[in-house]
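Here's the letter readout for the chains.
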Amino acid sequence: MIRRRSTPWIHKWSRPLMGAIAGLGALTTAYLTIEKLTGGTTACVAEAGGKGCNDVLSSPWATIPIFGGQPLALFGLLAYVGMLIFAVAPLVWKPSDKNTLQKLENLTWWLLLLGAIAMSVFSGYLMYVLAFEIQALCPYCIGSALFSTSLLVLTIIGRDWEDIGQILFAGIIVAMVTLIGTLGIYSGVNPSGVISDAPPGESQRISFTPEVYPDPAFGWKITTTSGEAEIALARHLATTDAKEYVAYWCPHCHEQKLLFGQEAYDILEENNIPIECAADTPKGQPEVCQAANIKGFPSWIINGELYGGVQNLEQLAKVSGYTGPRNFRYFR
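First, a word on what this report is: a plain description of the structure on this page.

Cut-offs used in this document
- The written sequence of each chain sets the order in which its residues are numbered from 1.
- Local features are withheld for residues below a pLDDT of 70 in this predicted model, meaning they are given only at 70 or higher, and side-chain atom pairs are given and counted only at 80 or more; totals for whole chains, interfaces and linings count all residues.
- In computing side-chain values, all of the structure's heavy atoms are included and hydrogens and water are not.
- With axes taken as lines fitted to C-alpha atoms, and helix axes fitted only over the stretch in contact, angles between N-to-C directions fall between 0 and 180 degrees.
- Strands here mean DSSP runs of E at least two residues long; helices mean DSSP runs of H or I at least four residues long; both are numbered from the N terminus.
- Angle categories are assigned with fixed cut-offs, so that under 35 degrees is roughly parallel, over 145 is roughly antiparallel, 65 to 115 is roughly perpendicular, and the rest are oblique.
- Handedness of a crossing follows from how the near helix is turned relative to the far one, being left-handed for an anticlockwise turn of less than a right angle and right-handed for a clockwise one.
- In what follows, residue pairs with any heavy atoms lying within 4.5 Å of each other are defined as contacts.
- Cysteine sulfurs are considered disulfide-paired once they come within 2.5 Å of each other.
- Exposed residues in this analysis have more than 50% of their type's maximum accessible area, buried residues have under 20%, and partly exposed residues fall in between, with area computed by a 1.4 Å probe over protein chains only.
- Stacked, edge-to-face and tilted are the three classes for Phe, Tyr and Trp ring pairs, Trp counted by its six-membered ring, which pair at centre distances within 6.5 Å; planes under 30 degrees apart are stacked, over 60 edge-to-face, the rest tilted.
- A ring is scored as having a charge over it whenever the NZ atom of a lysine or the CZ atom of an arginine sits within 6 Å of its centre and within 35 degrees of its normal.
- This arc describes the spread of directions from the helix axis toward the C-beta atoms.
- Residue polarity follows a fixed list, in which Ala, Val, Leu, Ile, Met, Phe, Trp, Tyr, Cys and Pro are nonpolar, Asp, Glu, Lys and Arg are charged, and the others, Gly among them, are polar.
- Working definition of a nonpolar core: buried Ala, Val, Leu, Ile, Met, Phe, Trp, Tyr and Cys residues. They are joined through side-chain atoms within 4.5 Å.
- In protein, a polar contact means a hydrogen-donor-capable atom and an acceptor-capable atom, both N or O and within 3.5 Å, with residues adjacent in sequence counting only if both atoms are side-chain atoms; elsewhere, any N or O pair within 3.5 Å suffices.
- In this analysis, strands are considered paired if DSSP registers two or more bridges between them.

### Side note on the packing of helix H1 (residues 9-38) against helix H4 (residues 98-134)
And then number 1: Taken N-terminus to C-terminus, the directions of H1 and H4 make an angle of 50 degrees; their axes are 13 Å apart at the nearest point. The orientation of H1 with respect to H4, classified from their angle, is oblique. Where H1 crosses over H4, the handedness of that crossing is left-handed. Contact residues: Ser14, Arg15 and Met18 in H1; Glu105, Thr108, Trp109 and Leu112 in H4.

### Focus on the state of the cysteines
When the sulfur atoms of two cysteines share a covalent bond, that bond is a disulfide.
And then number 1: A full pass over the atoms with the stated rule returns 1 disulfide.
And then number 2: What pairs with Cys277 in a disulfide is Cys289, and their sulfur atoms sit 1.9 Å apart. With the S-S bond torsion at -90 degrees, the cross-link from Cys277 to Cys289 turns out left-handed. Here Cys277, found in the loop between strand S6 (274-276) and helix H10 (286-291), pairs with Cys289, found in helix H10; they are 12 residues apart in sequence, far enough to count as distant.
And then number 3: Exposure remark for Cys277: the relative accessible area of 9% places this residue in the buried category.

### Structural notes on the packing of aromatic side chains
And then number 1: Per the stated rule, a full pass over the model turns up 10 aromatic pairs.
And then number 2: When the centroid spacing of 6.2 Å and the interplanar angle of 35 degrees are considered together, the rings of Phe260 and Trp300 count as tilted. Taken as a pair, Phe260 in helix H8 (residues 251-260) and Trp300 in strand S7 (residues 299-302) lie far apart in primary sequence, 40 residues in all. Take Phe260 and Trp300: they sit in the same class, and that class is buried.
And then number 3: Directly above the aromatic system of Trp109 lies the positively charged group of Arg15, at a separation of 4.7 Å from the ring centroid.
And then number 4: For the cation-ring pair, Arg159 lies above Trp161, with the distance from its terminal atom to the ring centre recorded as 4.6 Å.

### Let's talk about helix H7 (residues 228-238)
And then number 1: Among all positions in H7, only Ala229, Glu230, Leu233, Ala234, His236 and Leu237 are buried. Taken around the axis of H7, the buried residues stretch over an arc of 160 degrees, which confines them to a single face. Turned more than 90 degrees from where H7 packs its buried face, Glu228 and Arg235 sit exposed.
And then number 2: On its buried face, H7 sits against H8, helix H9 (262-270), S7, helix H11 (313-320) and strand S9 (330-331).

### Structural notes on the packing of H4 against helix H5 (residues 139-157)
A pair of packed helices is characterised by two quantities: the angle between their axes and the separation of those axes.
And then number 1: Viewed as axis vectors pointing N to C, H4 and H5 meet at an angle of 150 degrees, and their least axial separation amounts to 8 Å. Here H4 lies roughly antiparallel to H5, going by the angle between them. The two elements H4 and H5 cross, and the hand of that crossing is left-handed. Side by side, H4 and H5 meet where Trp109, Leu112, Leu113, Ala116, Ile117, Met119, Ser120, Ser123, Met127 and Leu130 of the first sit next to Cys141, Ile142, Ser144, Ala145, Ser148, Thr149, Leu151, Leu152, Leu154, Thr155 and Ile156 of the second.
And then number 2: Classifying every residue of the contact of H4 with H5 gives 15 nonpolar, 6 polar and no charged.

### Here's the deal with the nonpolar core
And then number 1: Counting residues in hydrophobic clusters, the biggest one holds 32 residues, and the most contacted among them are Leu233, Leu237, Phe260, Leu268 and Trp300.
And then number 2: Every element with two or more residues in this core is listed here: H7, H8, H9, S7 and H11.
And then number 3: Discounting chain neighbours no more than four positions away, the residues touching Phe260 are Ser226, Glu230, Leu233, Leu237, Tyr265, Leu268, Trp300, Leu313 and Leu316.
And then number 4: Formed by 22 residues, the second largest nonpolar core is a distinct cluster that contains Ala22, Leu77, Ala87 and Leu112.

### Things to note about the side chain of Thr182
And then number 1: Counting through the fold element by element, Thr182 comes out in helix H6 (residues 164-185).
And then number 2: Of the polar contacts made by the side chain of Thr182, one reaches the backbone oxygen of Thr178; its length is 2.7 Å.

### Details of the sheet that holds S6
The strands that make up a sheet are held in pairs by hydrogen bonds between backbone atoms, and each pair lies either parallel or antiparallel.
And then number 1: Across the sheet, 4 strands lie side by side as S6-S5-S7-S8; this open sheet has mixed pairing. Strand pairing shows two members of the sheet lacking a second neighbour, S6 and strand S8 (305-308), which therefore form its edges. Averaged over all neighbouring strand pairs, the angle between strand axes comes to 25 degrees, with direction disregarded.
And then number 2: Where strand S5 (residues 243-246) meets S7, 3 bridges bridge the pair, whose relative direction is antiparallel. Among the inter-strand pairings, Tyr245 is bridged to a residue of S7, identified as Ser299.
And then number 3: Sheet strands in contact with H9 are S5, S6 and S7, and its direction is about 70 degrees off that of S6.

This is how it looks when you write it as structure tokens:
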């Protein structure tokens, strides 16, 4: 008697598992898409002095420049929905013709494989950006990367692949195309960290390490120049009840100034938006800061909500209801 080989459990459950993972990925990216498009704040709290999900969403990597600055999360949502459809299609639609069903399964397996490779490579690039460029902790981003990797692993082990060489060849081609395309999409982002004027159309990361103690009357000199978006945002904030609580000796407060640039920050100062909290300076208003229960610098209060730490201008635009141009020149 010839025994029929039993089907491995992973082959039976690979498609339902991939469907579930793709569904979780779709929910995660849908949430991030909604928050990005509506200007909301994600349920993600960064540690004191650190960066979190909202810093990631306000960074230049959170949008796709070649598609009019649409949220990256939106394209992640479309990718996960596609993977969900590929995973469950043969389970939901079962044609009576076994030959047709077999063709459907083979086609969707290949689409799953190619999609999972592309998503994993792209997620790997984003994890690099998260760790070394933005330097933030974003559970949603890490979760999405784990979802993509899990889909790739399940696609490979979830069935018997007859030609491993063909899989490797296709994987290398898709990985190279994805990586080259990704680098091309974000080629305009300058993460150098040097404080200087960003070229037109590019965003530039800023950082600040003080070498001398600042003048109590003026602080450190602002070395960045404002663009139209920074000036427009400053004028908008001047029409609101926004307040920024600062201390002249605080390097992070100076980083906030550098994000605005000299011209825009002059507008903020002319409208008394920054409030100096240090007592040993002619501008100091420590009693005002104490009354506002300020615990750290800089701190923003906008529409009655407190936002601690340096805020990227994209984030300030969201929480203040700003609707003008958002081609901000700098980010942190």
